[in-house]
Amino acid sequence: DGGITQSPKYLFRKEGQNVTLSCEQNLNHDAMYWYRQDPGQGLRLIYYSQIVNDFQKGDIAEGYSVSREKKESFPLTVTSAQKNPTAFYLCASTPEGQGRIGELFFGEGSRLTVL
Amino acid sequence: DAKTTQPNSMESNEEEPVHLPCNHSTISGTDYIHWYRQLPSQGPEYVIHGLTSNVNNRMASLAIAEDRKSSTLILHRATLRDAAVYYCILRDRQGAQKLVFGQGTRLTINP
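Because the structure is predicted, anything quoted here is derived from the model rather than measured.

Caption draft 1: Region of the structure containing the environment of D67 of chain B. All names here are of chain B. Secondary-structure assignment places D67 in the loop between β6 (61-64) and β7 (70-75). The spatial distance from the C-alpha of D67 to the C-alpha of T52 is 8.9 Å, given a sequence separation of 15 residues. Looking at D67, its side chain comes within polar contact range of the main-chain nitrogen of K69, at 3.0 Å.

Caption draft 2: Just a nonpolar patch on the surface, in detail. Residues Y10, F12 and L115 of chain A make up a contiguous nonpolar surface patch of roughly 400 Å² in combined accessible area. Owing to a relative accessible area of 55%, F12 of chain A belongs among the exposed residues under this scheme.

Caption draft 3: Geometry of the state of the cysteines. All names here are of chain A. Evaluation of the coordinates by the stated rule reveals two disulfides over all chains. Note that C23 is cross-linked by a disulfide to C91, the S-S spacing being 1.9 Å. Taking the sign of the S-S torsion, -75° for the link of C23 and C91, the bridge is left-handed. In this pair, C23 is assigned in strand β3 (residues 19-25) and C91 in strand β9 (residues 87-94), connecting sequence segments 68 residues apart. As far as burial versus exposure is concerned, C23 and C91 are alike and both buried.

Caption draft 4: Focus on the sheet that holds strand β8 (residues 76-78) of chain A. Residue and element names in this part refer to chain A. Here we have four strands laid out as an open sheet, ordered β1-β3-β8-β7, and antiparallel in their pairing. Only two strands of the sheet have a single neighbouring strand rather than two, namely β1 (4-7) and β7 (64-66). The sheet shows a mean angle of 20° between the axes of neighbouring strands, direction not considered. Of the strand pairs in this sheet, β1 and β3 are connected by four bridges, and their pairing is antiparallel.

Caption draft 5: Region of interest: the packing of aromatic side chains. This model, assessed by the stated rule, comprises 11 aromatic pairs over all chains. When the ring of Y35 of chain A is compared with that of F106 of chain A, the centres are 6.1 Å apart and the planes differ by 40°; the resulting orientation is tilted. Taken together, the residues Y35 of chain A in strand β4 (residues 31-37) and F106 of chain A in strand β10 (residues 105-106) connect sequence positions 71 residues apart. The two residues Y35 of chain A and F106 of chain A agree in class, both being buried. Where Y35 of chain A meets F101 of chain B, the ring centres are 5.3 Å apart and the plane angle is 85°; that geometry is what we call edge-to-face. In this pair, Y35 of chain A sits in strand β4 while F101 of chain B sits in the loop between β8 (84-92) and β9 (105-110), so the two residues belong to two different chains. Following the ring pairs from residue to residue traces out a cluster consisting of Y33, Y35, Y48 and F106 of chain A together with Y36, Y46, Y87 and F101 of chain B.

Caption draft 6: Structural detail: the sheet that holds strand β5 (residues 55-56) of chain B. All names here are of chain B. Spatially, the four strands line up as an open sheet ordered β2-β7-β6-β5, and their pairing is antiparallel. One side of each edge strand has no neighbouring strand; the edge strands of this open sheet are β2 (18-23) and β5. The pairing of β6 with β7 spans four bridges and is antiparallel. Along β7, the bridge assignment pairs A63 with T72.

Caption draft 7: Summary view of the environment of E11 of chain B. All names here are of chain B. Relative to the helices and strands, E11 is located in strand β1 (residues 9-13). Considered as a pair, E11 and R81 are 70 residues apart in the sequence and their alpha carbons are 13 Å apart. Dropping the residues within four chain positions of it, E11 is found in contact with L107, T108 and N110. A distance of 2.7 Å separates the side chain of E11 from the side chain of N110, its partner in a polar contact.

Caption draft 8: Here's a closer look at the interface of chain B and chain A. Tallying the contact residues gives 26 residues for chain B and 28 residues for chain A. Approximately 2100 Å² of surface area, both sides summed, lies buried where chain B meets chain A, with 51% of it carried by carbon and sulfur atoms. Linking chain B to chain A there are zero salt bridges. Where chain B touches chain A, the interface holds six residue pairs in polar contact (both at pLDDT 80 or more). Those elements giving two or more residues to the side of chain B that touches chain A turn out to be β3 (31-38), β4 (45-50) and β8 of chain B. Partitioned by chemical class, the residues of the side of chain B that touches chain A number 10 nonpolar, 11 polar and five charged.

Thresholds applied
Residues numbered from 1 in each chain as written. Chains lettered and ligands numbered in written order. Predicted model: local features only at pLDDT ≥ 70, side-chain atom pairs only at ≥ 80, totals over all residues. Heavy atoms only, no water. Helix = DSSP H or I, 4+ residues; strand = E, 2+ residues; numbered from the N terminus. Polar contact = N/O pair within 3.5 Å; in protein donor to acceptor, adjacent residues only side chain to side chain. Patch = residues over 30% accessible without salt bridge, like charges linked within 9 Å, V, L, I, M, F, W, Y side chains within 5 Å. Areas by Shrake-Rupley, 256 points an atom, 1.4 Å probe, with all protein chains shown as cover. Salt bridge = Lys/Arg side-chain N within 4 Å of Asp/Glu carboxyl O. Buried < 20%, exposed > 50% of the residue type's maximum accessible area, 1.4 Å probe, protein only. Disulfide = S-S within 2.5 Å. Pairing = 2+ DSSP bridges. Axes fitted to C-alpha atoms, helices over the stretch in contact; angles between N-to-C directions. Phe/Tyr/Trp six-rings, centres within 6.5 Å; stacked < 30°, edge-to-face > 60°. Contact = heavy atoms within 4.5 Å. Buried area = accessible area lost by both parts, 1.4 Å probe. Nonpolar A, V, L, I, M, F, W, Y, C, P; charged D, E, K, R; others polar.

Written out as structure tokens, the structure is:
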């Protein structure tokens with residue numbers, strides 16, 4: 001079945017370590033997004049990508065990095081520069097293009113805890 | 001910043017209708033109104049979207065004000081499974097853009 005797969009579902013990291021969260025989609029969607037969610041809060045946009053080899057910063061990009069080398073994949077790296085990385089991370093994708101207002105499809109999320 | 005405003009929380013009783021409001025006073029002519037809901041520890045799921053006319057699907061109805069500056073998501077008969085956080089966002093039909101979510105409305109359903 002088509003969908004978005006995020007891995008790992010749970011991840012523990014020591015302070016000072018970089019960690020990469022995986023996001024893969026087989027929906028042939030052009031646009032992909034990364035959001036961060038803290039307990040009891042809404043979603044905040046980290047990065048988004050409209051097409052391969054292109055991505056834009058969202059509202060809270062500091063301390064994060066992304067790549068978009070393939071249409072299906074949009075990995076997020078949480079670097080040691082991110083001061084409070086403990087959060088729930090959500091990846092989403094959607095078809096884009098002129099006149100295509102598709103729904104956002106979300107993965108199940110990755111919960112990162114810094115020890 | 002989010003371009004929509006929603007109440008932080010609402011409460012309703014099982015099997016009663018629920019009306020969830022959303023204000024989007026700066027909406028442009030090319031913006032679609034989308035609604036999503038999020039259950040605990042899960043990713044949000046699509047509920048419904050519309051442009052100008054009211055819309056119905058199996059999950060809910062969307063009522064859009066004539067001036068498009070506000071909309072209301074209607075759950076006709078709430079069930080306990082409808083307890084979630086509901087988000088209203090705007091999407092420009094010109095193509096991909098920075099999609100910003102607000103805080104959403106936490107809906108509690110009483111048995």
